[in-house]
Amino acid sequence: MRIASLLPAATEIVGALGLADDLVAVTYECDEPAGVRDRCAVVVDTALPAGLDPAGVDAVVRDRAARGLPMYALDRAALAAAAPDLILTQDLCRVCALPSDDVVHALAVLGSDADVVRVDPHTVEEVLAAVTEVGVRAGHPRAASALVAGLRARLDAVAAAVAGRARPRVLVLEWTDPPYLPGHWVPELVRRAGGLAAGGAEGARSVAVTWDEIDGLGADLTVVAPCGYGLDDAIAQAHDVLETLPPGPVVAIDSASYVVRGGPRLVDGIEALAAVLHPGAVPEPPPGRVSRVQ
């Protein structure tokens, strides 16, 4: 089967299912499995200029949204040339990826009859359900069942390790300028890791707040997890706002891989957070996932 993934999380799911060789088209952000952009057509690009700081990114996103301009461009010719049988897309966040309506319209114009699957999880359970659906639609339900079973076993192991322990209040910053509190599955990651989310709501949208509002949340620990950024950038952004953060430990995490991308590596993120919140309860994560800043 020829698979086009227009969402980095979906590309990750395909790779985790052992179907990376079936990928024929991806986005400019797809980096898992490693090297996938080098051998697949890149059919989605961004309207964001390179090199912007968080405030600059926010300004561009707000301006384009106000003017009704898209954040992403679909290369229809490249998608048609890739001739996919299955297309994976989303409607969860127009800032994060190309909306599925754009894809459906493009397919109608191109005369393609490819199967379109929307990957739109809001919770960890829905991420696991998405893994199952992608596996089924790709013709590999057994691989999906095995992958989900392994992920559930790891989630159960973390739950058992943190059970009965005091739960610190954890502030997760999904953006630093302006500050954003997380939604969707991110507060759930904190809960599953043995903490209490100080702000943000499970399954809801991320929301911009003020630093005064953050001060009132009573957080014991802050996790800087800027959406779409890796660990080095998260560390740098944590230092930029360090004097503004609530008192207490500050941790940076590779958010792009382990926090905001709705794929199998969310479980790695939960394990990493559990190691931070409850040292010794679970194994330390490999280097490159999380770093203590203060």
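Residues numbered from 1 in each chain as written. Predicted model: local features only at pLDDT ≥ 70, side-chain atom pairs only at ≥ 80, totals over all residues. Heavy atoms only, no water.

### Looking at the pattern of salt bridges
Threshold: A pair is scored as a salt bridge if a Lys or Arg side-chain nitrogen falls within 4 Å of a carboxyl oxygen belonging to Asp or Glu. In this text, helices come from DSSP runs of H or I with a minimum length of four residues, and strands from runs of E with a minimum of two, each type numbered from the N-terminal end. Per-residue accessibility, obtained with a 1.4 Å probe over protein chains only, is compared with the maximum for each type, and a residue is labelled buried under 20%, exposed over 50%, and partly exposed between these values.
Taken as a whole and judged by the stated rule, the model has 13 salt bridges. Across the salt bridge formed by Asp 115 and Arg 137, the nearest N and O atoms sit 2.8 Å from each other. Taken together, the positions of Asp 115 in strand β6 (residues 115–118) and Arg 137 in helix α6 (residues 124–137) put the pair 22 residues apart, joining distant regions of the chain. Arg 137 gets classed as partly exposed once you look at its relative accessible area, which sits at 30%. For Asp 268, the salt bridge goes to Arg 154, with nearest N and O atoms at 3.3 Å. Of this pair, Asp 268 sits in helix α12 (residues 266–277) while Arg 154 sits in helix α7 (residues 141–162); the two residues are 114 residues apart in sequence, bridging distant segments of the chain. Asp 268 gets classed as buried once you look at its relative accessible area, which sits at 11%. By relative accessible area, Arg 154 is classed as partly exposed at 28%. Through salt bridges with shared partners, one network takes in Glu 125, Arg 152, Glu 188, Arg 191, Arg 192 and Glu 202.

### Some points on helix α10 (residues 231–240)
Which entries qualify depends on this criterion: The directions considered for the arc run from the helix axis to the C-beta atoms. Note on contacts: a residue pair qualifies if any of its non-hydrogen atoms lie within 4.5 Å across the two residues.
When we look at burial in α10, the residues that qualify are Leu 231, Ala 234, Gln 237 and Ala 238. Relative to the axis of α10, the buried residues are bounded by an arc of 125 degrees and lie together on one face. Turned more than 90 degrees from where α10 packs its buried face, Asp 232 and Asp 240 sit exposed. Looking at the packing, one finds that the buried side of α10 touches α3 (54–66), β8 (175–176), β12 (221–224), β13 (250–253) and β14 (290–292).

### Some thoughts on the sheet that holds β12
Under the convention used in this document: By the convention used here, strands pair only if DSSP detects at least 2 bridges between them. In this description, a line fitted to the C-alpha atoms serves as the axis of each element, helices being fitted only across the stretch in contact, and the angle between N-to-C directions of two axes falls anywhere from 0 to 180 degrees.
Spatial strand order, β10-β7-β12-β13-β14: 5 strands in an open sheet with mixed pairing. One side of each edge strand has no neighbouring strand; the edge strands of this open sheet are β10 (196–197) and β14. Where α10 meets the sheet, it contacts β12, β13 and β14, and its direction lies at approximately 150 degrees from that of β13. Taken strand by strand, α12 contacts β7 (169–173), β12, β13 and β14, and its axis lies near 20 degrees from that of β14.

### Some thoughts on the packing of aromatic side chains
Short version of the rule: Each pair of aromatic rings taken from Phe, Tyr and Trp, with Trp reduced to its six-membered ring, is defined by centres within 6.5 Å and is described as stacked if the planes are under 30 degrees apart, edge-to-face if over 60, and tilted in the remaining cases. Remark: a charge is flagged as sitting over a ring if the NZ atom of Lys or the CZ atom of Arg is within 6 Å of the ring centre and within 35 degrees of the ring normal.
If you walk through the whole model with that rule in mind, you get 1 aromatic pair. Between Trp 175 and Tyr 229, the ring centres sit 5.7 Å apart and the planes meet at 45 degrees, which makes this aromatic pair tilted. Here Trp 175 is found in strand β8, whereas its partner Tyr 229 is found in the loop between β12 and α10, with 54 residues between them in sequence. Neither Trp 175 nor Tyr 229 differs from the other in exposure class; each is buried. Between Arg 265 and the ring centre of Tyr 258, over which it is positioned, the NZ or CZ distance is 5.4 Å.

### Some remarks on the sheet that holds β6
Read across the sheet, 6 strands follow the order β4-β3-β2-β1-β5-β6 without closing on themselves; strand pairing throughout is mixed. Of all the strands in the sheet, just β4 (72–74) and β6 have a single pairing partner and so form its edges. The average angle at which neighbouring strand axes cross in this sheet is 20 degrees, direction not considered. Across 2 bridges, the pairing between strand β1 (residues 3–5) and strand β2 (residues 23–27) is parallel. Bridged to Ala 4 within β2 is Ala 25. The strands that helix α1 (residues 8–16) touches are β1, β2 and β5 (86–89); relative to β2, the one it contacts most, it runs at about 150 degrees. Sitting on the sheet, α6 touches β5 and β6, and the angle it makes with β6 is about 170 degrees.

### Considering α6
As a reminder of what qualifies: Multiply 1.5 Å by the residue count of a helix minus one, and that product is the helix's expected span.
In a regular helix each residue adds 1.5 Å, so 14 residues correspond to 20 Å; α6 covers 20 Å between its end C-alpha atoms and thus fits that length. Residues of α6 that are buried include every one of Val 124, Val 127, Leu 128, Ala 130, Val 131, Val 134 and Gly 135, and no others. Buried residues of α6, seen end-on, are gathered within an arc of 155 degrees and therefore sit on one face of the element. Of the surrounding elements, those touching the buried residues of α6 are α1, β5, α7, α8 (186–192) and α12.

### Quick word on the nonpolar core
Stated formally: The definition of a nonpolar core used throughout is a set of buried Ala, Val, Leu, Ile, Met, Phe, Trp, Tyr and Cys residues joined through side-chain atoms within 4.5 Å.
By size, the foremost hydrophobic cluster in this structure holds 55 residues, and its most contacted members are Leu 17, Leu 88, Leu 189 and Val 223. The element contributing the most residues to this core is α12, with 9 residues. Those residues in contact with Val 223, other than ones at most four positions away along the chain, are Val 170, Leu 171, Val 172, Leu 173, Val 251, Ile 253 and Leu 273. Among the nonpolar cores identified, the runner-up in size contains 19 residues, and Ala 25, Val 57, Val 61 and Ala 82 belong to it.

### Here we look at the confidence of the model for the chain
Going by this rule: Summary of the metric used: pLDDT quantifies the predictor's per-residue confidence within the range 0 to 100.
For the chain, per-residue confidence averages 90 on the pLDDT scale, and residues scoring 70 or more make up 91% of the total. Low confidence marks residues 92–98, where pLDDT is under 50. Its contacts with residues over four positions away, or in another chain, come to 25 contacts.

### Some details on the pairing of β7
Most of β7 sits inside the fold, with 4 of its 5 residues counted as buried. Bridge count for β7 against β10 is 2 bridges, and the pairing is parallel. Looking at the pairing, Val 170 lines up with Ala 197 of β10. Bridge analysis of β7 against β12 gives 4 bridges, and the strand direction is parallel. Bridging across to β12, Val 170 finds its partner in Leu 221.

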